Amino acid sequence: MTDYKDPREEDIVYGDRRISRPDVQLPDWDIPDGSYRPVPIVWFTGALFAQIFLTGFLFLVLIGKSGWLTIALTAMSSGAIGAWTWQRGMGQAGMGWRVATVLMLLFWFALFSFAAASRT
């Protein structure tokens, strides 16, 4: 292991806390190899908002069209949102998060499908 010289007086702040280290030139409280790792709640919430807004948008845009078209496009958008969420990392998340995501997607698909069913 390399021994470093004692730090210069101007390299010290707040007692023995070092401003710079000779090996990385970063403060000793900085974590240079830290990175952002999203958690399943981020993927779940992203899928939830995408599902609500996209299916709601489709429902409103297709309000004068056949209900079957709305149901088909809502099913396709739900599948696309699910695939996007799984690709983002939900596929490696815990079983509870995966089940909750599928149930949420199915719930919003069913809600808009039942609303569109009156136009079939």
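All of the points below concern the structure found in this document. (Residues numbered from 1 in each chain as written. Predicted model: local features only at pLDDT ≥ 70, side-chain atom pairs only at ≥ 80, totals over all residues. Heavy atoms only, no water.)

So, about helix 3 (residues 95-117). For helix 3, with 23 residues, the first-to-last C-alpha span of 32 Å sits near the 33 Å given by 1.5 Å per residue. Along helix 3, the positions that sit buried rather than exposed are T101, M104, L105, W108, F112, S113 and A116. Looking at the buried side of helix 3, the elements it contacts are helix 1 (40-61) and helix 2 (67-88). (Helix = DSSP H or I, 4+ residues; strand = E, 2+ residues; numbered from the N terminus. Expected span 1.5 Å × (residues − 1). Buried < 20%, exposed > 50% of the residue type's maximum accessible area, 1.4 Å probe, protein only. Contact = heavy atoms within 4.5 Å.)

Let us look at the packing of aromatic side chains. The tally for this structure, following the rule as stated, stands at five aromatic pairs. With a centroid separation of 6.2 Å and an interplanar angle of 25 degrees, the aromatic rings of F49 and F53 are classed as stacked. Of the two residues, F49 and F53 both sit in helix 1, four residues apart, roughly one turn of that helix. Among the residues examined, F53 registers a relative accessible area of 57% and is labelled exposed. An angle of 80 degrees between the planes, with centres 5.4 Å apart, marks the rings of F107 and W108 as edge-to-face. Judged by relative accessible area, which is 48%, F107 ranks as partly exposed. Taken together, F59, F107, W108 and F112 form an aromatic cluster joined through their ring pairs. In this structure, R119 packs its charged tip against the face of F59, placed 4.8 Å from the ring centre. (Phe/Tyr/Trp six-rings, centres within 6.5 Å; stacked < 30°, edge-to-face > 60°. Lys NZ or Arg CZ within 6 Å of the ring centre and 35° of its normal.)

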